[in-house]
Amino acid sequence: MVGSKTQATTKRGSRLVVVSNRVTPVTARKALAGGLAAGVLAALRDSGGIWFGWSGAVSERPASEPAAHSHDKITYLTTDLSPREFEEYYNGFSNRTLWPLFHYRLDLSVFDRVQYETYLRVNRHLASRLLPYLESDDLIWVHDYHLIPFAEELRKMGVGAPIGFFLHTPLPPADLLVALPRHDKLLRSLFAYDLVGFQTDNDVRNFRDYIQREANGRLGEDGLCTAFGRTIRVGAFPIGIDADDFAALADTPEAVRQRRILEKSVVARDVIIGVDRTDYSKGLPSRLKAFELLLENYPVNRGRVHLLQITPPSREHVPEYGEILAEIEGLSGHINGRFAEFDWVPIRFIHKAYNRRILSGFFRASRVGLVTPLRDGMNMVAKEYVAAQDPDDPGVLVLSRFAGAARQMDRALIVNPYDLSQVADAIQEALEMPLDERRSRWRAMMDDLKRNDIERWRASFVEALQSASAELDRPEETAAE
Ligand code: F6P
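All of the points below concern the structure found in this document. Since the structure is predicted, the reported quantities are computational estimates derived from the model, not experimental observations.

Around the ligand, 11 residues are found, and the nearest of them are R22, L36, Y90, D144 and R315. At a separation of 2.8 Å, an oxygen atom of the ligand approaches a polar side-chain atom of R22. Relative to its unbound accessible area of 380 Å², the ligand is 87% covered by the protein chains. A breakdown of the residues in the shell around the ligand according to their chemical character gives 5 nonpolar, 2 polar and 4 charged.

Backbone geometry follows two general trends: most residues other than glycine have a negative phi, and most peptide bonds adopt the trans configuration. Unlike most non-glycine residues, Y104 shows phi in positive territory, near 70 degrees. Mapped onto the fold, Y104 is located in the loop between α2 (83-102) and α3 (113-130). A relative accessible area of 23% means that Y104 is categorised as partly exposed. Of note in the backbone geometry, N379 takes a positive phi value of approximately 90 degrees without being a glycine. Looking at where N379 falls in the secondary structure, it is placed in the loop between β14 (368-371) and α13 (380-387). The exposure class of N379 is buried, given its relative accessible area of 6%.

Further remarks concern the pattern of salt bridges. Applying the stated criterion to the full structure yields 29 salt bridges. The partner of R45 in a salt bridge is D242, with the nearest N and O atoms 3.2 Å apart. With R45 in helix α1 (residues 35-47) and D242 in the loop between β10 (230-236) and α8 (243-249), this pair connects stretches of sequence that are 197 residues apart. Relative accessible area serves as the criterion here: at 34%, R45 is assigned to the partly exposed category.

Before going further, it helps to examine the sheet that holds strand β16 (residues 413-415). The strand order β13-β12-β11-β14-β15-β16 describes an open sheet built from 6 strands, whose pairing is parallel. The two strands at the open ends of the sheet, each matched to only one other strand, are β13 (347-350) and β16. Within the sheet, the average angular offset between the axes of one strand and its neighbour, ignoring direction, is 20 degrees. As defined by bridge partners, strand β15 (residues 396-400) adjoins β16 across 3 bridges and the pair is classed as parallel. Bridged to V398 within β16 is L413. With respect to the sheet, helix α12 (residues 356-365) is in contact with β11 (270-275) and β12 (305-310), its orientation differing from that of β11 by roughly 140 degrees. Running at roughly 170 degrees to β15, α13 makes contact with β11, β14 and β15 of the sheet.

So, about the packing of helix α10 (residues 284-297) against helix α11 (residues 319-339). Contact geometry for α10 and α11: axes closest at 9 Å, N-to-C directions at 10 degrees. One element, α10, and the other, α11, form an angle in the roughly parallel class. On α11, the residues touching L284, P285, L288, K289, E292, L295 and E296 of α10 are I324, E327, I328, L331, S332, H334, I335, R338 and F339. For the contact of α10 with α11, the per-class residue count stands at 9 nonpolar, 2 polar and 5 charged.

This paragraph deals with the sheet that holds strand β7 (residues 195-198). In sheet architecture, strand pairing relies on hydrogen bonds along the backbone and comes in two forms, parallel and antiparallel. Pairing is mixed in the open sheet, where 10 strands are placed in the order β3-β4-β2-β1-β5-β6-β7-β10-β9-β8. Either end of the sheet is taken by a strand with one partner, and the two such strands are β3 (67-71) and β8 (218-219). Here β8 runs beside strand β9 (residues 224-227); their pairing, made up of 2 bridges, is antiparallel. When the bridges of β9 are listed, L219 appears paired with C225. Those strands touched by α3 are β1 (16-22), β2 (49-58) and β4 (74-81), and its axis lies near 140 degrees from that of β4.

If you trace the backbone, M380 turns up in helix α13. Judged by relative accessible area, which is 12%, M380 ranks as buried. Sequence spacing of M380 and L465 is 85 residues, and the spatial spacing of their C-alpha atoms is 24 Å.

It is a general feature of regular strands that their side chains alternate between the two faces of the sheet. Where β12 lies against β13, 4 bridges are found, and the strand directions are parallel. Paired with Q309 across the two strands is F349, which belongs to β13. Chirality of the crossover, the property in question, places the unit of β12, α11 and β13 among those that are right-handed.

A separate point is the side chain of Q309. Positionally, Q309 belongs in strand β12. Classification of Q309 by relative accessible area gives buried; the value is 1%. A distance of 3.1 Å separates a polar atom in the side chain of Q309 from a polar atom in the side chain of T311. Setting aside residues up to four positions removed in sequence, Q309 forms contacts with G274, V275, D276, L284, R287, R348, F349 and I350.

This part is about a negative patch on the surface. Taken together, the side chains of D419, D425, E429 and E432 define an acidic patch exposed on the protein surface. Checked against the element boundaries, E432 lands in helix α14 (residues 420-432).

A few words now on the packing of aromatic side chains. Evaluated as defined, the whole model comprises 24 aromatic pairs. Residues W54 and F86 carry aromatic rings whose centres are separated by 5.9 Å and whose planes lie at 45 degrees to one another, so their mutual orientation is tilted. Here W54, found in strand β2, pairs with F86, found in helix α2; they are 32 residues apart in sequence, far enough to count as distant. What makes W54 buried here is its relative accessible area of 2%. F86 sits in the buried class, given a relative accessible area of 15%. Their ring planes at 80 degrees and their centres at 6.2 Å tell us that F93 and F111 sit as a pair that is edge-to-face. Of this pair, F93 sits in helix α2 while F111 sits in the loop between α2 and α3, placing them 18 residues apart in sequence. Since its relative accessible area comes to 0%, F93 is described here as buried. Joined through ring pairs, the aromatic side chains of Y89, F93, F111, Y116 and Y119 make up one cluster.

Basis of the calculations
- Residues numbered from 1 in each chain as written.
- Predicted model: local features only at pLDDT ≥ 70, side-chain atom pairs only at ≥ 80, totals over all residues.
- Heavy atoms only, no water.
- Near = heavy atom within 4 Å.
- Polar contact = N/O pair within 3.5 Å; in protein donor to acceptor, adjacent residues only side chain to side chain.
- Areas by Shrake-Rupley, 256 points an atom, 1.4 Å probe, with all protein chains shown as cover.
- Nonpolar A, V, L, I, M, F, W, Y, C, P; charged D, E, K, R; others polar.
- Helix = DSSP H or I, 4+ residues; strand = E, 2+ residues; numbered from the N terminus.
- Buried < 20%, exposed > 50% of the residue type's maximum accessible area, 1.4 Å probe, protein only.
- Salt bridge = Lys/Arg side-chain N within 4 Å of Asp/Glu carboxyl O.
- Pairing = 2+ DSSP bridges.
- Axes fitted to C-alpha atoms, helices over the stretch in contact; angles between N-to-C directions.
- Contact = heavy atoms within 4.5 Å.
- Parallel < 35°, antiparallel > 145°, perpendicular 65-115°, else oblique.
- Right-handed = clockwise from strand over helix to strand, strands pointing away.
- Patch = residues over 30% accessible without salt bridge, like charges linked within 9 Å, V, L, I, M, F, W, Y side chains within 5 Å.
- Lys, Arg positive; Asp, Glu negative; His and termini not counted.
- Charge placed at Lys NZ, Arg CZ, Asp CG, Glu CD.
- Phe/Tyr/Trp six-rings, centres within 6.5 Å; stacked < 30°, edge-to-face > 60°.

This is how it looks when you write it as structure tokens:
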């Protein structure tokens, strides 16, 4: 039996148990896609602990016990999904309902009751598979929208340990959230956690607003939120990167070799780089149109710049992802057809993943980093682009105001990705920016990346979880039902 609330300790040194939908063991590190995996791995690297979640595999009869293997100080516990769970929990409710809704795309959010039931059931199954591995003084840290009801299931099984939740995506305003059928049940299940963390103050505001308006909740000082008979702590914990580590990657022999190959292939032309999973939230069609406008409005760039757009495949079983890929391919073909010469093609569109080492070399070789999502929880590419730059001759980041990162990286050229002319003008400004200005903008952002790095994110969340759990320890309260 796992520890009850009173047994749970909040002392330093509690074992960290991380739960996320997808577990990416260190051995598969080169295939990392998305900020979550890099963040979780970095968080566990120092403290050690358990990382539990989906293996990424689909099997007819998933074993009831997770597969376990350890590497360094981390024990990976992974479980497969059945074809139905993959379809209804992962592709369905997680990625066709919550993902678009949380990225403000109500128009793309499809609600299906059966998929929702499967989502709840998978959360229950996953919780019961983790249960035998838990110890009373563990700190449990659950990640992202796939697993919102996870703590509620653990609480029903008698787990009293501190449990925190971190949402990597944005949380939309209450007016959008209420369009989700059963939104009250989903939001209520967040109250089974002790601490709920978001990327930015904006997301926290949206949550508090929802709780006040829709759940008749009370908002206290210091992020306390009371609703559904429970009090939790809520706060913003903007995720960082290991800036020094990423900067060092760009100096590794492999990164340098790849950078030279890229530089040789573009001759003396400037590279503008974009690296994004194939996802409609990344604003890729608008970005390509803004690049087209750049070539139209600033013809000096014809024959002189390349847009290197690296777009790894993602969630290929979700129809909207196939549609966005077709649109991007169509636009790149159109722009290349319109402007290319026999010895120059403006857009190099690449639909595959590169490892982080190679990407760091590509970032270092690029005069401009183009990060223009229509909505993004944080966006780690923005941070990695800056970290990879040569301090003596850094490139310029053009960043969407709708990425969580824009709240910290205000020395980037901040743009509205819906305003194509503004994006084109910002790219031009970046291409022409004098060295002094590039250096001072870069220095300020790099200093901030180092101060607010991934270790600070981990430590501040874990500390807040420990104190929230100690402070909210009220045995008379029952967990949210
Ligand atoms: O950032 C959101 C996220 O879902 C992360 O959880 C994940 O690392 C990334 O996108 C990739 O998504 P998926 O696991 O669906 O391939």
